[in-house]
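Structural characterization, general
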Amino acid sequence: MALAQVERVRAELAARHPGVRTEVVPVTTAGDRWMGDLARLGGKGAFTKEVDATLLAGEADLAVHCVKDVPADRPLPAGTTFAAFLKRDDVRDALIHPGGRTLDELPPGTRIGTSSVRRRAQLAASHPHLECVPMRGNAGRRMEKLAAGDADALLLAVSGLERIDRMDVVTDILSTETMCPPIGAGILALQCREDDTELIDAVSPLGDPDTHREATAERMFLHVLQGHCNSPIAGYARARRDDLSLRACVFTPDGKTVLNAHEWAGRLDPATLGTSVAVALLRQGARDLIDGIAH
């Protein structure tokens, strides 16, 4: 999937700068190698630390990140910056069931392959008769595990399946009301060294202004909330013409407690909106809820 994301950027760069030459520098991260609980790796940054180091060492000039994997509780590594947020892809989750069933058609005891605390909490709240079994790895690897019988169904991001052209396996696309997405869902960000002004000027036009506003609001929300890797936190912003909204939720892992906040900002600064929604959840008790979850 990472290579598919890189190819999208290469294609968009070539379209805007014909004749530009690019070289792919593959980086395998700790998050890619580890198939267990991400909390045991320290959680945050498991998919970005090695990429950041490669960028800062000058071994690569541009990094392509899924925003949902970039920690928001702390600044980007000193000396780097986001040069662009590409136009956002679908934020929803998809069900893959070999028998073609939808989520609501799954019988009690069906094993859903996912290690996402966000998905597990929401399934516990809405479909408590289903069972979640831990499953990590890229989409292709998870589908192999499904075929091997390690689970009865999978939940995967629609955007990821679209990037690898595997929407043919999807049997149900869940609404954001059924499954609120993770912060940064469907967004690819381009990260550069902040002193590489020539490259920043070249790639910044690839960015989408609405996606930039959405990402800024969501990441500020997560920064203020200061969740950890086992915190079931979800939310997404929507920029529409002159308006910007942010809906967000915090759950207990068993789904029995759900805190919600949804605000509209008009042309308010996106970071201010993210802060406001986080404060609204903190007033509902989000701090105690988050701190009460082991990590």
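Above this text is the structure in question.
A brief look at the structure comes next.

Quick notes on the rules
Within each chain, residue numbers correspond to sequence positions counted from 1 in written order. Local features are withheld for residues below a pLDDT of 70 in this predicted model, meaning they are given only at 70 or higher, and side-chain atom pairs are given and counted only at 80 or more; totals for whole chains, interfaces and linings count all residues. The side-chain values count all of the structure's non-hydrogen atoms but skip hydrogen atoms and water molecules. Numbered from the N terminus, helices here are DSSP runs of H or I no shorter than four residues, and strands are runs of E no shorter than two. Radius of gyration: C-alpha atoms only; globule rule: 2.2 Å multiplied by the number of residues to the exponent 0.38. Exposure is judged per residue with a 1.4 Å probe applied to protein chains only, and the accessible area is read against the type maximum: over 50% gives exposed, under 20% gives buried, and values in between give partly exposed. What makes two residues a contact is simply this: any of their non-hydrogen atoms within 4.5 Å. Reported accessibility uses the Shrake-Rupley method at a 1.4 Å probe radius. Residues are deemed covered only where the shown protein chains occlude them. Take the buried Ala, Val, Leu, Ile, Met, Phe, Trp, Tyr and Cys residues and link them wherever side-chain atoms come within 4.5 Å; each set so joined is a nonpolar core. The criterion for strand pairing is that DSSP finds at least two bridges linking the strands in question. Helix axes are fitted to C-alpha atoms over the stretch in contact, other axes to C-alpha atoms as well, and angles between N-to-C directions run from 0 to 180 degrees. By this rule, a helix spans an expected 1.5 Å times one less than how many residues it contains. Every case where a carboxyl oxygen of Asp or Glu lies within 4 Å of a side-chain nitrogen of Lys or Arg is listed as a salt bridge.

Before going further, it helps to spend a moment on the overall build of the chain. Counting secondary structure elements, the chain contains ten helices and eleven strands. In terms of overall dimensions, the chain is globule-like: its C-alpha atoms have a radius of gyration of 19 Å, near the 19 Å expected for 295 residues. Here the C-alpha coordinates of the chain stretch approximately 55 × 45 × 35 Å along the principal axes. Residue burial in the chain is summarised as follows: out of 295 residues, 47% are buried. Considering only contacts in the chain between residues 6 or more positions apart, those separated by 24 or more positions represent 66%. Of the accessible surface of the chain, which amounts to about 13,900 Å², a share of 50% is contributed by carbon and sulfur atoms.

Ranked by internal contacts, the top residues of the largest apolar core, which has 23 residues, are Phe 221, Leu 225, Val 250, Leu 273, Val 277 and Leu 281. It is helix H9 (residues 270-283) that provides the largest number of residues to this core, a total of five residues. Ignoring any residue separated from it by four or fewer positions in sequence, one finds Val 277 in contact with Phe 221, Leu 246, Ala 248, Ala 261 and Glu 263. Ile 96, Val 133, Leu 154 and Leu 156 belong to the second largest nonpolar core, which has 14 residues in total.

Our next topic: the sheet that holds strand S1 (residues 62-66). Read across the open sheet, the three strands follow the order S1-S8-S2; overall the sheet is antiparallel. Each end of this open sheet is capped by a strand with a single partner; those strands are S1 and strand S2 (80-85). The average undirected angle you get between the axes of adjacent strands in this sheet is 35 degrees. Two elements, S2 and strand S8 (residues 188-193), share five bridges in a ladder whose sense is antiparallel.

Over its 17 residues, helix H8 (residues 209-225) runs 25 Å from end to end, which matches the ideal 24 Å to within 8%, given 1.5 Å per residue. Listed in full, the buried residues belonging to H8 are Thr 211, Arg 213, Glu 214, Ala 215, Ala 217, Glu 218, Arg 219, Phe 221 and Leu 225. If you follow the buried residues of H8, they end up packed against S2, strand S9 (233-240), strand S10 (243-251), H9 and helix H10 (286-291). Positive backbone phi, at 55 degrees, marks Gln 226, one or two positions downstream of H8.

The next point concerns the pairing of strand S3 (residues 93-96). The alternating pattern of S3 places Asp 93 and Leu 95 and Ala 94 and Ile 96 on opposite faces, both of which are buried. Examined bridge by bridge, S3 and strand S6 (residues 153-157) share four bridges and lie antiparallel to one another. In the sheet register, Leu 95 faces S6, and the bridge partner there is Leu 155.

On to the sheet that holds S6, then. Strands belonging to one sheet form pairs held by backbone hydrogen bonds; the direction of such a pair is parallel or antiparallel. The strand order across the open sheet formed by five strands is S5-S4-S6-S3-S7, and the pairing between neighbours is mixed. Looking at the sheet topology across the chains shown, the edges are occupied by strand S5 (131-133) and strand S7 (172-173). Bridge count for S3 against S7 is two bridges, and the pairing is antiparallel. Each bridged residue has a counterpart across the sheet, and for Ala 94 the counterpart in S7 is Ile 173. Packing against the sheet, helix H4 (residues 117-126) makes contact with S3, strand S4 (111-113), S5 and S6, and its axis sits at approximately 125 degrees to S6.

Okay, the environment of Ala 57 next. Relative to the assigned elements, Ala 57 resides in the loop between helix H3 (49-56) and S1. Of the residues examined, Ala 57 reaches a relative accessible area of 52% and is grouped as exposed. Separated by 136 residues in sequence, Ala 57 and Arg 193 have C-alpha atoms that sit 9.9 Å apart.

Time to look at the pattern of salt bridges. Under the counting rule described, the total for this entry stands at 16 salt bridges. Across the salt bridge formed by Asp 61 and Arg 193, the nearest N and O atoms sit 2.7 Å from each other. Pair noted here: Asp 61 is in the loop between H3 and S1 and Arg 193 is in strand S8, with a separation of 132 residues, a long-range link. Its relative accessible area of 41% is what places Asp 61 among the partly exposed residues. Arg 118 is paired through a salt bridge with Asp 93; the nearest N and O atoms lie 3.0 Å apart. Taken as a pair, Arg 118 in helix H4 and Asp 93 in strand S3 lie far apart in primary sequence, 25 residues in all. Considered together, Arg 118 and Asp 93 belong to a single accessibility category, that of buried residues.

Next up on the list: unusual backbone geometry. Within the chain, Asp 165 stands out as a residue other than glycine whose phi angle is a positive 60 degrees. Among the residues examined, Asp 165 registers a relative accessible area of 66% and is labelled exposed. In this structure, Gln 226 takes a positive phi of about 55 degrees despite not being glycine. Looking at the secondary structure, you find Gln 226 in the loop between H8 and S9. Its relative accessible area of 36% is what places Gln 226 among the partly exposed residues.

Moving on to the pairing of S8. Most of S8 is tucked away, with six of its six residues classed as buried. One ladder, built from five bridges, connects S1 with S8; its direction is antiparallel. Within the sheet, the bridge partner assigned to Cys 66 lies in S8 and is Leu 188.

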